[in-house]
Amino acid sequence: MYYLRTTLQYLLTLLAALAANFFLPRLAPGDPINALLGADVVETMTEEQVAQVARELGIHDALHVQFWNYLTGIFTGDFGMSIKLGMPVWDALIQKLPWTLLLMGFALVISTVLGTVLGVMSAWKRGEIADIATMGGVLFVGSLPPFWLAMMLIILFSTTLGWLPSYGAYKVGTSFPSLNWFQGVGLRLIMPVLALAIVQTTSVLLIARSSMQMALDQDYIMFARAKGVSEGKIFFKHAFRNALLPLYTHTMMGLGALIGGSLIIETVFSYPGLGGLIVQGVNSRDYPLLQGLFVITTISIIAANFVTDLLYPLIDPRTRRAG
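Everything quoted here is computed from the prediction, not taken from an experiment. (Residues numbered from 1 in each chain as written. Predicted model: local features only at pLDDT ≥ 70, side-chain atom pairs only at ≥ 80, totals over all residues. Heavy atoms only, no water.)

**With respect to the nonpolar core**
- Counting residues in hydrophobic clusters, the biggest one holds 24 residues, and the most contacted among them are Met 191 and Phe 269.
- Only helix H6 (89–124), helix H8 (146–160), helix H9 (179–216) and helix H11 (231–268) provide two or more residues apiece to this core.
- Looking at which element gives the most residues to this core, the answer is H9, with eight residues.
- Beyond its immediate stretch of four places on either side in the chain, Met 191 contacts Leu 153, Ile 154, Phe 157, Ser 158, Leu 164, Pro 165, Ser 166 and Phe 269. (Core = buried A, V, L, I, M, F, W, Y, C linked by side-chain atoms within 4.5 Å. Buried < 20%, exposed > 50% of the residue type's maximum accessible area, 1.4 Å probe, protein only. Helix = DSSP H or I, 4+ residues; strand = E, 2+ residues; numbered from the N terminus. Contact = heavy atoms within 4.5 Å.)

Laid out in structure tokens, this is it:
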């Protein structure tokens, strides 16, 4: 019953999100034909020519017809032609998606591991110098805007020290799968991953510290100490295990924040991921491209949340009983 109800809830959420993805770009001001050809060029065209361009772009039909084509296209992988790029949206997404997944994957792993370790140890050493220093550093780093942090990394490691390239995803002139290509990809991945991971680590650390602190304040911890249970066993078996649920929730929910953060980071580093496509789509009112991007990101986030809910009973059986 728990899994059936959860599945139905997420299906309704997905349908509502897909509808919002279709209508929101059309509520934005501006005309896609003017953005593509220029208002001065459109003024010189006849109505038939403008209508022909609209038909080719798939925006000539009535709104409900466009919406039906949009829904059927999602299940067939046909997102239409990009107005800005002049190519199928699906092909554009497939070209850019691996770079974003690479960036987000490394950032998610690093921020989760680093934030969890620092947060748990900070709670374990609560009130000591290490805890105060960690919290001070976290609050300082967490207050920095992501784009400013990315620019400071470029100034330090690229402009001043000359250690790392500051733009692109691979070295121009190299081809996959040569050693120089992999080396170029690795070097160009360091600063974007670092900028994204630092921002995300802050929130993971705070959640980990808070969850661990709440677990340590429970009566069963005091009871375990009174029984003479070792500190190591209290840490891993009683405190950390009970602190995992909110930390796990935050990590999975953090995928949405990572996607938003990657938009800024990819733009600063000219990284060829989905972030650059979103900027191009917004600037050119490219409805098909924006819809394809939003569908991919929406399905990714909802799928992550769905998996999170399905795994809850395995981490804490009380959630199944509560449902």
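**Looking at the packing of aromatic side chains**
- As enumerated under the stated definition, the model contains 13 aromatic pairs in all.
- Judged by centre distance (6.3 Å) and plane angle (5 degrees), the rings of Phe 235 and Phe 240 are stacked.
- Judged by its relative accessible area of 9%, Phe 235 is buried.
- What links up through ring pairs into an aromatic cluster is the set Trp 99, Tyr 170, Phe 176, Trp 181, Phe 182 and Tyr 271. (Phe/Tyr/Trp six-rings, centres within 6.5 Å; stacked < 30°, edge-to-face > 60°.)

**Topic: the packing of helix H12 (residues 274–283) against helix H13 (residues 287–315)**
- Contact geometry of H12 with H13 gives a least axis separation of 9 Å together with a crossing angle of 145 degrees. Where H12 crosses over H13, the two elements pack in a sense that is left-handed. Of the residues in H13, those in contact with Leu 274, Leu 277, Ile 278, Gly 281 and Val 282 of H12 are Leu 289, Leu 290, Leu 293 and Ile 296.
- For the contact of H12 with H13, a count of residues per class yields eight nonpolar, one polar and no charged. (Axes fitted to C-alpha atoms, helices over the stretch in contact; angles between N-to-C directions. Left-handed = near helix turned anticlockwise from the far one by under 90°. Nonpolar A, V, L, I, M, F, W, Y, C, P; charged D, E, K, R; others polar.)

**A word on the pattern of salt bridges**
- Per the stated rule, a full pass over the model turns up three salt bridges.
- A salt bridge links Arg 126 to Asp 217; the nearest nitrogen and oxygen atoms lie 3.1 Å apart. In this pair, Arg 126 is assigned in the loop between H6 and helix H7 (129–142) and Asp 217 in the loop between H9 and helix H10 (219–226), connecting sequence segments 91 residues apart.
- The class for Arg 126 is partly exposed, based on a relative accessible area of 39%. (Salt bridge = Lys/Arg side-chain N within 4 Å of Asp/Glu carboxyl O.)

**What about the side chain of Ser 158?**
- Relative to the elements of secondary structure, Ser 158 occurs in helix H8.
- Judged by its relative accessible area of 18%, Ser 158 falls in the buried class.
- Looking at Ser 158, its side chain comes within polar contact range of the main-chain oxygen of Leu 164, at 3.1 Å. (Polar contact = N/O pair within 3.5 Å; in protein donor to acceptor, adjacent residues only side chain to side chain.)

**Digging into a nonpolar patch on the surface**
- A cluster of nonpolar side chains, contributed by Phe 147, Trp 148, Met 151, Met 152, Ile 155 and Ile 264, occupies part of the molecular surface with about 530 Å² of accessible area.
- Examining the composition of the nonpolar patch, we find that five residues originate from one element, H8, more than from any other.
- Assignment of secondary structure puts Phe 147 in helix H8.
- Since its relative accessible area comes to 43%, Phe 147 is described here as partly exposed. (Patch = residues over 30% accessible without salt bridge, like charges linked within 9 Å, V, L, I, M, F, W, Y side chains within 5 Å. Areas by Shrake-Rupley, 256 points an atom, 1.4 Å probe, with all protein chains shown as cover.)

**With respect to the environment of Phe 79**
- Among the secondary structure elements, Phe 79 is positioned in the loop between helix H5 (63–76) and H6.
- Given the relative accessible area of 11%, Phe 79 is considered buried.
- Along the backbone, Phe 79 and Val 295 are 216 residues apart, and their C-alpha atoms lie at a distance of 9.5 Å.
- In contact with Phe 79, other than residues within four places in its own chain, are Ile 74, Val 89, Trp 90, Leu 93, Pro 288, Gly 292 and Val 295.

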